[in-house]
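# Tertiary structure, described
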Amino acid sequence: GSLNVDTFLPISRFPSSGENLTLLPNTHPLVDVPGGKGCNQAIACAKLSSSTQQTQQEILRVAFLGQFGNDSASQILQSALTSNNVNIDLCGKSKQHPSGRGYVMIVPDSGEVSAVISPGSNFYGWSKWGVKNPTDNDQQQPNELLTDDEIKQMISPHSLLQLQCEISDLVNKRLASAAKKLNIPVILDVGGEDRHMDRELLQCCDYLIPNETELERLAGHYTDDYGDERQQGDDKIETTVQQAVDEIQPLIGQSLHVPTLLQHARRLQKNGANNVLITLGSHGSLLVKKDLSSVLYQPSCPLPSGSRVVDETGAGDCYRAGFAVALLQQQCESSKDVIDDDDEILLHCMKFGSAAGALAVTKKRSRA
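Every chain is numbered on its own, with residues counted from 1 as its sequence reads. Only residues with pLDDT of at least 70 get local features here, since the model is predicted, and only at 80 or more are side-chain atom pairs given and counted; chain-wide, interface and lining totals rely on the full set of residues. By convention in this description, side-chain values take in all heavy atoms of the structure and omit both hydrogens and water.

### Describing unusual backbone geometry
Spelled out, the test is: Each helix corresponds to a stretch of at least 4 residues labelled H or I by DSSP, and each strand to a stretch of at least 2 residues labelled E; elements are numbered beginning at the N terminus.
One non-glycine residue, asparagine 26, adopts positive backbone phi at about 60°. Relative to the helices and strands, asparagine 26 resides in the loop between strand S1 (4-10) and strand S2 (30-35). Its identity as a non-glycine residue notwithstanding, aspartate 32 has a phi of 55°, on the positive side. Its place among the elements puts aspartate 32 in strand S2.

Next comes the structure, spelled out in structure tokens:
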């Protein structure tokens, strides 16, 4: 995944088009804060897996694969990962490109954030993986590129693969393809760059996780008429959809239109996606299972008594980390509370993710 060093800018409100704003009185930018979706989720997974296990032997080990830049910021990022017990042995270091950077505007009164990302080595540091950058002077020769077998060997010791859209799609696709061949579950966070995804990548991911905005954008890249062979059973699907709407719409309220969410998820499934898990912020989360066989809804977890939203940065990353850790724990033989029913397992994972996200917003720049 991705790694950024972030700069936080506290402001009273987001600027309008063409408008200049100054920082809030008596505040200064907070610079070189470790971040990026990959870094955030790796650290959150490490913290959550450590906090939920009883013994040192039971702790789930987290490894990170990313590309550090050629600048001093890479040391900050390496230190942030290793100090939180994230293994970085698989990481590379770009000779040509600086570290990724994020410029985050935050409104302290509401906790709302908006950001601009400079990808740096996150996008352009993967030449060994076959990612071509015309401006690079160190393009790899064919015999220097990683082979598919080498990638399989790289990930074979691991039990779950978590991806984000802040690195090259080619890298994600090669990793997901290798994981699928090894029967390793794959979770793909749709957050990041708005881009079309190859159907092969969709098919390799067990769980695709967008928020409602990302869901709409991603679904817009596809059509509903792909894969006519998957149209069989539409009557059953229509019944499932109607039941879900009747049950879930009153719980969510009218600010979100459940039929539209299901329509977008179904379009992605017609184009290769399996389970689509939609995060809805304060409205909870919605899991549309493969082929729309069923729809699960988990309300958001309330904030702890006396707390308030301080900073939304990283809340989605903490949800995704929580879901991944809970899912993996259910697969571990050492789990003390295995839930037999599949839907119950998934609802448990969604609830755990929701709790992690809720706790995250009560702290500044939290990773769980």
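From this point on, the discussion continues.
### Here's the deal with the pattern of salt bridges
Our working definition: The term salt bridge refers to a side-chain nitrogen of Lys or Arg lying within 4 Å of a carboxyl oxygen of Asp or Glu. Three labels apply to residues, based on accessible area from a 1.4 Å probe with only protein chains included: buried if under 20% of the type maximum, exposed if over 50%, partly exposed otherwise in between.
Considering all chains together, one arrives at 12 salt bridges under this definition. In this structure, aspartate 198 and lysine 173 form a salt bridge, with 3.4 Å as the shortest nitrogen-oxygen distance. Of this pair, aspartate 198 sits in the loop between strand S10 (186-192) and helix H6 (199-204) while lysine 173 sits in helix H5 (residues 169-181), placing them 25 residues apart in sequence. One salt bridge in this structure joins aspartate 343 and lysine 289, with 2.6 Å as the shortest N-O distance. Of the two residues, aspartate 343 sits in helix H11 (residues 342-360) while lysine 289 sits in the loop between strand S13 (285-288) and strand S14 (295-298), which places them 54 residues apart along the sequence. Residue aspartate 343 is classed as partly exposed on the basis of its relative accessible area, which comes to 23%. When its relative accessible area of 12% is taken as the criterion, lysine 289 is described as buried.

### Section: the side chain of aspartate 189
Formally: Between N or O atoms, a polar contact is any pair within 3.5 Å; within protein, one atom must be a potential hydrogen donor and the other a potential acceptor, and residues adjacent in sequence are included only when both atoms are from side chains. The criterion used for residue contact is that any of the two residues' heavy atoms lie within 4.5 Å.
With respect to the helices, strands and loops of the structure, aspartate 189 is situated in strand S10. According to the relative accessible area criterion, aspartate 189 is buried, its value standing at 1%. Polar contacts involving the side chain of aspartate 189 include one to the main-chain amide nitrogen of glycine 191, which spans 2.9 Å. Residue contacts for aspartate 189: discarding those within four places in its chain leaves Lys37, Gln41, Leu163, Gln164, Cys165, Ile209, Asp317 and Arg320.

### Let's talk about the sheet that holds S1
Pairing between sheet strands relies on hydrogen bonds along the backbone, with the strands arranged either parallel or antiparallel. Put simply, the test is: Strand pairing is defined by DSSP finding a minimum of two bridges between the two strands. Axis geometry follows a simple rule: fit a line to the C-alpha atoms, using only the stretch in contact for helices, then measure angles between N-to-C directions, giving values from 0 to 180 degrees.
Ordered in space as S2-S1-S7-S8, the 4 strands form an open sheet in which the pairing is mixed. Edge positions in the sheet fall to S2 and strand S8 (112-118), since each of these pairs with one other strand and no more. Each adjacent strand pair in this sheet contributes to an overall mean axis angle of 30°, direction not counted. Looking at chain direction, S1 and S2 are connected through 4 bridges and run antiparallel. When the sheet's bridge partners are listed, asparagine 4 is paired in S2 with glycine 35. Against the sheet, helix H2 (residues 73-82) touches S1, S2 and strand S7 (100-107), its axis set at about 50° to S2.

### Things to note about the packing of aromatic side chains
Heads up, the condition is: Any pair of Phe, Tyr and Trp rings, taking the six-membered ring for Trp, is counted once the centres come within 6.5 Å. Such a pair is stacked with planes under 30 degrees apart, edge-to-face with planes over 60 apart, and tilted for the rest.
Under the definition given, this model contains 3 aromatic pairs. Here phenylalanine 123 and tyrosine 124 contribute two aromatic rings whose centre-to-centre distance is 6.0 Å and whose plane-to-plane angle is 85°, an arrangement assigned as edge-to-face. On the accessibility criterion, phenylalanine 123 (19% relative accessible area) is buried. Judged by centre distance (5.5 Å) and plane angle (80°), the ring pair of tryptophan 126 and tryptophan 129 falls under edge-to-face. Residue class for tryptophan 126 comes out buried when judged on its relative accessible area of 0%.

### Considering the environment of serine 99
Position of serine 99 relative to the elements: it lies in the loop between strand S6 (92-93) and S7. Overall, serine 99 belongs to the buried group, its relative accessible area being 3%. Distance from serine 99 to leucine 77, taken between C-alpha atoms, is 9.0 Å for residues 22 residues apart in sequence. A polar atom in the side chain of serine 99 sits 3.5 Å from the backbone nitrogen of glycine 69. Among the polar contacts made by the side chain of serine 99, one reaches the side chain of aspartate 71 at a distance of 2.6 Å.

### Considering the nonpolar core
Quick reminder of the rule: We define the nonpolar core as a collection of buried residues of types Ala, Val, Leu, Ile, Met, Phe, Trp, Tyr and Cys that are connected through side-chain atoms lying within 4.5 Å of one another.
Among the nonpolar cores identified, the biggest contains 51 residues, and Trp129, Leu175, Met197, Leu208, Ile278 and Leu286 are the most heavily contacted of them. Apart from the residues lying within four places of it in its own chain, the contact partners of leucine 175 are Leu65, Trp129, Ile151, Ile155, Leu161 and Leu163. Formed by 45 residues, the second largest nonpolar core is a distinct cluster that contains Val5, Cys39, Leu277 and Val361.

### Concerning the sheet that holds S10
What the 6 strands build is an open sheet, ordered S9-S10-S11-S12-S13-S14; its pairing is mixed. Of all the strands in the sheet, just strand S9 (161-165) and S14 have a single pairing partner and so form its edges. The average undirected angle you get between the axes of adjacent strands in this sheet is 15°. With 4 bridges joining them, S13 and S14 adopt antiparallel strand pairing. What sits directly across from serine 285, in S14, is glutamine 298. Set on the sheet, helix H9 (residues 258-270) makes contact with strand S11 (207-209), strand S12 (275-279), S13 and S14; between it and S13 the angle comes to about 40°.

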